[in-house]
Amino acid sequence: MFKKIEAYVKENLIEVIFELALVIMLMILNIIIGFIALVIFVSLHIRFLQDFEDQTTLMQKNFENIEETIDSLTKQAVFKMPFPMVIINQDGEINWYNSKFIKMLEIDGEPEDNILDAISSINLNEILSAGDEPLKILYRDNYYQVYVNKVKSKDSKDREMLLLYWINRTDLKEAKDTIDKEKIATILLYIDNLDEVKSSVEDSARATITGNVETEIINYFNAYEATVRKYDDDRYLIIANNENLQKIIQKKFDILDRVRDLKVQSIIPLTLSISATTDGETPLKQYEIARNTMDIALGRGGDQAVLRRGHNYEYFGGKSKAVEKTTKVKARVVGGALRSLIDDASNVVIMPHKNADMDAIGSAIGVVKLVRMRGKTAYIALNSVNVSIRNIMARLKEEKSLNGVVRTEAELSSLIDDKTLLIVVDHHKKSISEAPDLVDQIRDRVVIDHHRRSGEFIESTELVFLEPYASSTAELVTELFTYMTDNVVLSKFEAEALLAGITVDTKNFTVQTGVRTFEAASMLRRFGADPEVVKKYFKEDYMVIKNRADIVRQSEIFMDDTIIGILEDKVDNSILIAAQAADEMLSINGMKASFVAVKISNNETHVSARSLGEISVQLIMEKLGGGGHLNQAATRIDLSVDLAVEELKRKIKEYKDEEKESKKEEGVK
C-alpha cells in the first residue's frame, strides 16, 4: 500500500505540494475552513489514488498481454522458421533443434547428442569465436552460411547458449563458381630469345625453328580451348576462360618446359615469358594489367610465368639464368632517354639501397659522372657508411672534384625542387631505399638495376633500365657512358669505383659474367682502373673475419646439399657478414646452396642465400617474402633467429619437394 502511495505522490508531486500548502494557509487563517479543506484534500486524493491504482493495473495487464503476444509470436516464428536451427551449449551439446535441422541432417530419428558428432565438418572453436559475419560450412555437398546468436545461460552467467541459423547458399555458390569459371583470362606470351637462337643456326633451320615453336604454342593452348593470336614475330595474345587457366596453373605453366626442350639445332634453348590475369573490370583494363605483369616477368629475367591475382603475384619457372643479350640496342635507347631526362632536370639525386654495398656505391659514383657530363649537379643520398664501403668512401673524400656529392636525407630535403630527377641504383624497391621518404618527394624517377623484378616496384618511373642478365648495376652504368656523349673521359678513381662494383657482384669475375661484363671491365681498365687498388677497397676488419668464421664453424648441413649458418648475437655489419659467409660456405664440397641467418633485432632476422645454379635460392627467398637472383638472394623475416631458421628449413624442403614433383611429371611426359 505504501509503495502505491509513494508512486502516486511521485507522479503528482507538484500538485500535492501546492494543494497541501493551500490547506495549511487556510488553517492559519481560519481553523474551521482549514479543517474542511483538509478533509476535501484527503477525500479527493484517496479517490485519485484508487483511479491511479486502477490505471496502473490496467496498463500492467496490457503490457503483460503484449509481452505474451510477442512471446507467442516469437516462439511460433522460431518453430516455423523456413531454415534449420539448433541450440547448443559451449561444449557443443545439442539442447534444441527444429524439424528443418533434422531434414538437413537427412536422418529419421533424433540427432547425436553433440553437434560435432552430428556434423563432422563443423569447428566448435570457430562457432564460439564467431562474430556478426556468418560461418561458411560445407555439409553433404551443400554450402551453408551459419549465423551464430549467443545468449547468456540462466543457469550460469559464465556460460552461453548458441543458436545456429543454417541458410543454404548452394545455388548462390554454384552460380558464383560458374561465373568464376567462365571469367575471361588474358595471357601474354613472349619468346625471350628467338632472334639469338635463330642467329646461332644455319639459314635453312631458321624457318623450322619459328614454325616448330609456333606450332607448340598454338597446340598447347588450343588443348585448353584458348584463342591464340600472334601479333609479332615473338609475341602472342591468348584468351582463355578462368577454368582452363586454373588447369594451366595446376600444370605450373609447363609450356615453359616444353618450349625449352624443343630441338632447335642450337646450344641456346628457347625460353618464354608469360603473364596471366583475370583481374580488370574491362577487357582493355585486363590487357593493361597483363602487360604490366609481363614487365615483371621480363624484369625477373624471363623464362617464367607471372600470375597476378588481385594485388598479389605468383611466379612459375624462373629456374634458369637470365640470358645475356648480344645486342646493345636497349642500352642505346635508355642512354638517349636518360640524357634527355638529365638535361631537363634542375639537379639529380642518386639513391642506393640501405646498407649500400660496393656495387650500389660504385654505380652511384658512375651516375654522378654521367650527370656531370651533361652539365648538371648530382648528389648521392647516403645517411651512414657501413664497413663494406668504408674504404672506398674514405678514398672518395680525397677526390676534390667530388666534395659535397654525398649528402644525408635531411640535407637533400632542402636541395630538391619540382624539377629534381631521382635515379635509383642497384635496387627497385622503395622499402629498401636509403631514403624512402625522399623517393616520394621527387616526382621524376629512373631505376637502373640488375636484380630480378619483384612484386614491389617504385611507382611512376619515367625510365627503367632493369637487366637481370647483367653482372652488376655498375656494368649497366658503364655501358651507358657510350651513349651519353661522344667524348667519354673517366678519372682513375671513377673507373676503379665502377670496377669495384662489378668485382664484388661477380665474386672477382667468377659468377654471373658474360661477354658484356668483360667488355665493361676492359673499358674501365682503359681509363686507368687498377685491380690492385680495387682489391684494397675490400680489406676487412678483424671482427668481420672472426664473425664470418664463427658462422662457418657453427653451420649445419641440411638435406644433403644445402648448408645453413647462423649468427645469434647482434653485431655490426651483420648483413655484410651473412653475405660473405654464404659465399664462403658455397665452396664446401657437395654443397649446392648456402643460407646464413643473422640477428637484426629480437624479432627480426636477415637471411642471405647463395647457390651454384642448380637450386634457385631466388624462389626459396620469395617464399619468405624476399627475392634476388637465381644464385644470389636474401630476405628479412619477422621472427627470432631460431624460429626463422625453422621456417627457412620448411621452405627449402617445400622447394625441393616441388622440384621432385616437377621432375616426376617431366619423366611421365
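Our structure's up above, just so we're on the same page.
Residues numbered from 1 in each chain as written. Predicted model: local features only at pLDDT ≥ 70, side-chain atom pairs only at ≥ 80, totals over all residues. Heavy atoms only, no water.

### Observations regarding the sheet that holds strand E2 (residues 94-97)
Taken in spatial order, the 5 strands of this open sheet run E2-E1-E5-E4-E3, and their pairing is antiparallel. On the outer flanks of this sheet lie E2 and strand E3 (135-139), each paired with one strand and no other. Averaged over all pairs of adjacent strands, the angle between strand axes in this sheet comes to 30°, irrespective of strand direction. Two elements, strand E4 (residues 142-152) and strand E5 (residues 160-168), share 9 bridges in a ladder whose sense is antiparallel. Bridge pairing links Val151 to Met161 in E5. (Pairing = 2+ DSSP bridges. Helix = DSSP H or I, 4+ residues; strand = E, 2+ residues; numbered from the N terminus. Axes fitted to C-alpha atoms, helices over the stretch in contact; angles between N-to-C directions.)

### Remarks on unusual backbone geometry
Notably, Glu106 is not glycine yet its phi reads approximately 60°, a positive angle. Of note, Glu106 is situated in the loop between helix H4 (99-105) and helix H5 (115-118). Judged by relative accessible area, Glu106 falls into the exposed class, the value being 55%. Residues other than glycine seldom take positive phi values, yet Glu225 does so here, at roughly 55°. Looking at the element boundaries, Glu225 is found in the loop between helix H9 (203-222) and strand E7 (227-232). (Buried < 20%, exposed > 50% of the residue type's maximum accessible area, 1.4 Å probe, protein only.)

### A few points about a nonpolar patch on the surface
A contiguous nonpolar surface patch, about 490 Å² in accessible area, is contributed by Ile31, Ile32, Ile36, Ile40 and Leu44. Considering the arrangement of structural elements, one finds Leu44 in helix H3 (residues 31-79). Owing to a relative accessible area of 42%, Leu44 belongs among the partly exposed residues under this scheme. (Patch = residues over 30% accessible without salt bridge, like charges linked within 9 Å, V, L, I, M, F, W, Y side chains within 5 Å. Areas by Shrake-Rupley, 256 points an atom, 1.4 Å probe, with all protein chains shown as cover. Salt bridge = Lys/Arg side-chain N within 4 Å of Asp/Glu carboxyl O.)

### Re the pairing of E2
Pairing between strand E1 (residues 85-89) and E2: 3 bridges, direction antiparallel. Each bridged residue has a counterpart across the sheet, and for Ile88 the counterpart in E2 is Ile94. Between E1 and E2, which pair antiparallel and follow one another directly, the connecting turn spans 4 residues, one of which, Gly92, has a positive phi of 90°.

### Thoughts on the pairing of strand E13 (residues 378-381)
On E13, burial covers both faces: Ala378 and Ile380 on one face and Tyr379 and Ala381 on the other are all buried. Pairing of strand E12 (residues 348-351) with E13, which is carried by 3 bridges, proceeds in the parallel orientation. Of the residues in E13, the one forming a bridge with Val349 is Tyr379. Assessed by its sense of winding, the connection that carries the chain from E12 through helix H14 (residues 358-373) to E13 is right-handed. In this sheet, strand E14 (residues 406-407) lies alongside E13 in parallel orientation, the contact comprising 2 bridges. Bridged to Ala381 within E14 is Arg407. In this region the chain leaves E13, passes through helix H15 (residues 390-397) and returns to the parallel neighbour E14; the handedness of that crossover is right-handed. (Right-handed = clockwise from strand over helix to strand, strands pointing away.)

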